[in-house]
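A look at the structure
Listed below are the residues making up each chain.
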Amino acid sequence: VPASDRSGQALLRIYRARERRAGGRLAEAEQLHEEAFELARDANDQKLIQVASTNLGDLALADDRIDSAEQHLRAALAAWRERRVPPSPGILINWAALQRARGRLAEAMAALDEASAGAPPDTLWAIHRDRGLTAEKAGRLDEAERWYREAIGVIETLRDSSAPPTSLAEFFERRWAPFQYLFALQVSRGDA
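Residues numbered from 1 in each chain as written. Predicted model: local features only at pLDDT ≥ 70, side-chain atom pairs only at ≥ 80, totals over all residues. Heavy atoms only, no water.

Throughout the structure, instances matching the rule amount to 2 aromatic pairs. Between Tyr148 and Tyr181 the ring centres are 5.7 Å apart and the planes differ by 35°, which places this aromatic pair in the tilted class. Separated by 33 residues along the polypeptide, Tyr148 in helix H8 (residues 141-162) and Tyr181 in helix H10 (residues 177-188) bring together distant segments of the chain. Relative accessible area serves as the criterion here: at 0%, Tyr148 is assigned to the buried category. (Phe/Tyr/Trp six-rings, centres within 6.5 Å; stacked < 30°, edge-to-face > 60°. Helix = DSSP H or I, 4+ residues; strand = E, 2+ residues; numbered from the N terminus. Buried < 20%, exposed > 50% of the residue type's maximum accessible area, 1.4 Å probe, protein only.)

Time to look at helix H5 (residues 89-101). Owing to its 3.6 residues per turn, the α-helix aligns residues three or four sequence positions apart on the same side. Its 13 residues place the ends of H5 18 Å apart at the C-alpha level, agreeing with the 18 Å of an ideal helix rising 1.5 Å per residue. Within H5, 10 of the 13 residues are buried, which leaves it mostly tucked inside the rest of the structure. Where H5 is concerned, the buried positions are Ile91, Leu92, Ile93, Asn94, Trp95, Ala96, Ala97, Leu98, Gln99 and Arg100. Among the structural elements, helix H3 (46-62), helix H4 (66-83), helix H6 (105-116) and helix H7 (121-137) are those in contact with the buried residues of H5. Of the residues trailing H5, Gly103 is marked for its positive phi of about 80°. (Expected span 1.5 Å × (residues − 1). Contact = heavy atoms within 4.5 Å.)

This paragraph deals with the layout of surface pockets. Space inside the largest pocket adds up to approximately 1,500 Å³. Lining the largest pocket we find 46 residues, and of these Arg21, Asp58, Gly90, Asn94 and Arg174 sit closest to its centre. Among the secondary structure elements, those contributing two or more residues to the lining of the largest pocket are helix H1 (6-22), helix H2 (26-43), H3, H4, H5, H6, H7 and H10. Counted by class, the lining of the largest pocket contains 23 nonpolar, 9 polar and 14 charged residues. (1 Å grid on protein atoms, 1.4 Å probe; cavity = no way out; pocket = protein on both sides within 12 Å on 5 of 7 lines; lining within 4 Å. Points joined across faces, edges and corners; volume = space filled by probe spheres on them. Nonpolar A, V, L, I, M, F, W, Y, C, P; charged D, E, K, R; others polar.)

Our focus in this paragraph is the side chain of Ser53. On the secondary structure map, Ser53 appears in helix H3. Every residue in contact with Ser53, bar those within four places of it in the chain, is listed here: Phe37, His72, Leu73, Ala75 and Ala76.

What follows deals with unusual backbone geometry. Excluding glycine, most residues fall at negative phi; most peptide bonds, likewise, are trans. The residue Asn44 is not glycine, and still its phi comes out positive at about 55°. Its place among the elements puts Asn44 in the loop between H2 and H3. The backbone of Asp64 sits at a positive phi, close to 60°, despite the residue not being glycine. Summarising the element assignment, Asp64 is placed in the loop between H3 and H4. Looking at Asp64, the relative accessible area reads 63%, which means it is exposed.

This is the structure in structure tokens:
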């Protein structure tokens with residue numbers, strides 16, 4: 001990719017950042033996403049601005065840097081509006097996590113409702129997981145349990161339809177949270 005192709009250079013950095021993040025090198029991933037954002041902004045590439053901003057918001061959320069996450073996610077939402085396309089569920093899931101962290105639970109649930117429209121199953125389970133987290137934070141434990149079970153149901157369907165038996169550990173590694181949250185909720189409620 002020639003250096004003059006700002007969008008191409010931004011995309012390369014996004015791919016490198018994903019690789020670094022998968023390897024646990026989060027600081028490097030964040031730096032690469034920041035470079036991608038700058039390159040995409042120089043190219044006025046709203047799609048890549050949206051992707052880089054969403055990933056930066058996700059990294060900031062994971063590190064409890066709420067103000068930084070909000071700044072990045074607002075940039076992602078602005079780029080999405082500029083593109084006039086349906087929002088990526090990832091933006092809305094992260095926006096919901098931000099709202100949940102801020103204690104704005106109705107706004108979090110509204111973002112998750114919007115994200116669920118047409119979401120593929122491998123995204124839908126994460127939306128249900130986050131609905132459970134939001135309901136649990138609001139003290140609606142029966143609702144939280146129902147959402148965790150919904151997430152698990154989607155995961156089980158995915159497992160039955162797509163994962164060969166040799167890769168079950170890897171399959172569940174990324175999708176284990178709803179099981180953990182349901183178990184913790186049941187323990188906290190004394191549900192043996």
